[in-house]
Structure formats: C-alpha cells, structure tokens
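# Chain and residue survey
One letter stands for each residue in the lines below.
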Amino acid sequence: ARAGVNVSSLGGAMGRNEIIPFYQPIVSNATGKVEKYECLIRMRDEAGHVIYPAAFLNTAKRSRLYPLLTRIMVEKVFENFMERDLDFSINISVDDILPPDTTAYIYDILTIHRRIAHRAIFEIVESEGIENYEEVLLFIREAKKYGCRIAIDDFGTGYSNFDYIMKLNVDFLKIDASIIKNIAEDKNARIIPETIVQFCRKMGIFTVAEFVHTRDVYELVQSLGIDYSQGFFLGEPSEKI
C-alpha cells in the first residue's frame, strides 16, 4: 500500500491538472451490454503513477481541498459525457452535500449541462450513515428537478437500513462488495441479496451488484434477479471510456 499523499503533493497534482476520472463499466444483466459508467476519482503524481483516493481523500478533507476535488470531478465528468449517449454516475458524500457552496456549484454545472443532466446519477456513499436527512433530501429533490437520478452506494455496510431508502426516494441501490463476493461459495450469503432484490422490486428501485469478479458470481447475480453488475470480471476502471 502506498503511503498517504501530503497536502503539497495533492496541491501540486491539482495545479498540474492531474486529478482525473477513471471509468468503470456497469453492465445490464438483461442484455449484457454496458449501459453506464461509474466515474472514480484518481490522482497522478509527478512520476506518472496513478494514486487511489484512499491515499489522498483524508488529506484533502483535513486541508479543506476536498470541495475543490469534488468540483474538478463534476466538471470533468460532465464535459466528458457531453457527446456520449451513456449514463454516468458520480460519487458524492454527505461532506459534499452539507456545504452550500458545493451544492450550488453542482446545480450550476447541471444548469450549464441541462441537456445531459438526465443521464447523471449521483451515488451517495452509504457507509458513513446518513444522519442529515433533511439536507440530503433537499439535495435529492433539487437534483431530480434536473432529471438526475440517485443511487445509494455500498448498501449493506455500516448503517444500512431499508427505512431511509424509502425516505430518500432513490432510483438505484448498489449492493456492497462484502455481500456479493462470497455468494458463489456460500449459499447462506445469497439470502441478503435475495432480500434486497425483493424489497427493491416492490419499491421500483433498480439494483446493482458491486465486486462481480468471476463468471460464477456474475451468473449467480443474474439468477438472483439483480438488474446490473459492476466488477473486474466485466471491466476494470480505466482512464479511457
């Protein structure tokens, strides 16, 4: 594992325009076709190495650079999908939703790119637990006015519960890697995704399996009735779409 990135290195990467989106395909289990991409933040250091967010996001949050990273990602992703007829998802956390400056910037981008806003999906990172219901609900309502859709990322970790899924009026629920990764070996591991699928069908919510890393897992995910799959078996994150 790489050591954490310091503020100077992170600021340098931002100055060199080396905060970059990587794209991972999300495949329809019904058709086998790529229908959307998740856009994942990466940083490239001076030596040209690609660095994962675990090494720099905490530094960004401590140094107040974090809102700038969000702005860079949102702007670049919308630019990159202007002429592509594909859906795209962007990760967003409660740390992005609470500051009014950040949400105002996102709404500005949605206004500028209103023509493609209906193809955008905001993935709210679930593992932190969503305690600020009112602020999150307000963001969801505003984003939906532009035609955007909402996903809950990493469902099945941390504070997962079905209650706030109903309250937040989400469109997609992404089933966490910890639930999916063992379903080929462990029959009991299939009970949780089965329950999630049943709930989501009744609520009209689409499901996405994360960490689909083998053919066996992919086939099981399809048989469980999950709508979409994402994982290394279907495609690794890449700088190119």
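This structure is a prediction, so every number in the text was calculated from the model and none was measured. (Residues numbered from 1 in each chain as written. Predicted model: local features only at pLDDT ≥ 70, side-chain atom pairs only at ≥ 80, totals over all residues. Heavy atoms only, no water.)

## Brief notes about the packing of helix 5 (residues 100-112) against helix 6 (residues 133-145)
Packed helices, taken two at a time, are described by the angle their axes make and the gap between the axes. Test applied: Angles run from 0 to 180 degrees between N-to-C directions of axes, and those axes are lines fitted to C-alpha atoms, restricted for helices to the stretch in contact. Helix numbers and strand numbers start at the N terminus; a helix is a DSSP run of H or I with at least 4 residues, a strand a run of E with at least 2. Between 65 and 115 degrees an angle is taken as roughly perpendicular, under 35 as roughly parallel, over 145 as roughly antiparallel, and anywhere else as oblique. What makes two residues a contact is simply this: any of their non-hydrogen atoms within 4.5 Å. Each residue gets one of three labels, nonpolar for Ala, Val, Leu, Ile, Met, Phe, Trp, Tyr, Cys and Pro, charged for Asp, Glu, Lys and Arg, and polar for the others, Gly among them.
Where helix 5 meets helix 6, the axes come as close as 11 Å, and the angle between the chain directions of the two elements is 10°. When the axis of helix 5 is compared with that of helix 6, the two are roughly parallel. Contact residues: T103, I106 and Y107 in helix 5; L138, F139, E142 and A143 in helix 6. Residue classes in the contact of helix 5 with helix 6 are distributed as 5 nonpolar, 1 polar and 1 charged.

## What to know about the side chain of T103
Defined as follows: Exposure is judged per residue with a 1.4 Å probe applied to protein chains only, and the accessible area is read against the type maximum: over 50% gives exposed, under 20% gives buried, and values in between give partly exposed.
Tracing the chain through its elements places T103 in helix 5. For T103, a relative accessible area of 9% puts it in the buried group. Each residue touching T103, except ones within four places of it in the same chain, is listed here: D96, I97 and F139.

## Thoughts on the nonpolar core
Generally speaking, nonpolar side chains in soluble globular proteins are found buried as a group. In plain terms, the rule: Here, nonpolar core refers to any group of buried Ala, Val, Leu, Ile, Met, Phe, Trp, Tyr and Cys residues whose side-chain atoms link them within 4.5 Å.
Core analysis: the largest hydrophobic core is formed by 71 residues, its most contacted members being L10, F78, F88, L110, F122, F139 and I165. A per-element tally of this core places helix 3 (residues 66-80) first, with 6 residues. Sequence-distant contacts of F122, that is, excluding residues within four places in its chain, are made with I90, I92, I106, L110, F139, A143, C148, R149, I150 and A151. Counting 6 residues, the second-largest nonpolar core is a separate cluster that includes I26, I121, F172 and V208.

## A few points about helix 5
Note the cut-off: A helix is expected to span 1.5 Å for every residue after the first.
Compared with an ideal rise of 1.5 Å per residue, which puts 13 residues at 18 Å, helix 5 spans 18 Å between its outermost C-alpha atoms and is within 8% of the ideal. Within the span of helix 5, buried status applies to T102, T103, Y105, I106, Y107, I109 and L110. Where helix 5 is buried, its residues contact helix 3, strand 4 (87-92), helix 4 (94-97), strand 5 (120-125) and helix 6.

## Describing the state of the cysteines
Operational definition: Disulfides are defined in this document as cysteine sulfur pairs within 2.5 Å.
All chains considered together, the criterion is met by 0 disulfides. With no disulfide of its own, C39 lies 13 Å from the sulfur of C148, the closest cysteine sulfur. C148 gets classed as buried once you look at its relative accessible area, which sits at 3%.

## Details of the pairing of strand 7 (residues 172-175)
Inclusion rule: One bridge is not enough; two strands pair if DSSP finds at least two bridges between them.
Across the two faces of strand 7 the burial is the same, with F172 and K174 and L173 and I175 all buried. As paired elements, strand 6 (residues 149-155) and strand 7 share 3 bridges and run parallel to each other. Opposite I152, over in strand 7, you have L173 as the bridge partner. Strand direction decides the pairing type here: strand 7 and strand 8 (residues 206-209), joined by 4 bridges, are parallel. Across the sheet, the residue bridging to I175 is A209, located in strand 8.

## Re the environment of C148
For C148, the position within the fold is in the loop between helix 6 and strand 6. When the C-alpha atoms of C148 and P237 are compared, they prove to be 23 Å apart, with 89 residues separating the residues in sequence. C148 has contacts with L110, A117, H118, A120, F122 and A143, leaving out every residue within four places of it along the chain.

## Looking at the pattern of salt bridges
Put simply, the rule is: Whenever Lys or Arg places a side-chain nitrogen within 4 Å of a carboxyl oxygen from Asp or Glu, that contact is recorded as a salt bridge.
Per the stated rule, a full pass over the model turns up 14 salt bridges. The salt bridge involving D87 is made with R149; its shortest N-O contact spans 3.0 Å. Here the residue D87 occupies a position in strand 4, and R149 occupies one in strand 6, the gap between them amounting to 62 residues. The class of D87 is buried, set by a relative accessible area of 17%. Here the residues in one salt-bridge network are E38, E123, K174 and E210, joined through shared partners.

## Some words on the packing of aromatic side chains
Rules: Working definition: a ring pair exists when centres of Phe, Tyr or Trp rings (six-membered ring for Trp) sit within 6.5 Å. Plane angles under 30 degrees give stacked, over 60 give edge-to-face, the rest tilted.
Counting across every chain of the model gives 13 aromatic pairs. With centroids separated by 5.1 Å and ring planes inclined at 90°, the aromatic side chains of F78 and F88 adopt a geometry described as edge-to-face. Taken together, the positions of F78 in helix 3 and F88 in strand 4 put the pair 10 residues apart, joining distant regions of the chain. Given the relative accessible area of 0%, F78 is considered buried. Between the aromatic rings of Y218 and F233, the centroid separation amounts to 5.8 Å while the plane-to-plane angle is 45°, which identifies the pairing as tilted. Highlighted residues: Y218 in helix 10 (residues 215-223) and F233 in the segment after strand 9 (228-229), separated in sequence by 15 residues. Its relative accessible area of 9% is what places Y218 among the buried residues. On the basis of relative accessible area, F233 is assigned to the partly exposed category, the value being 30%.

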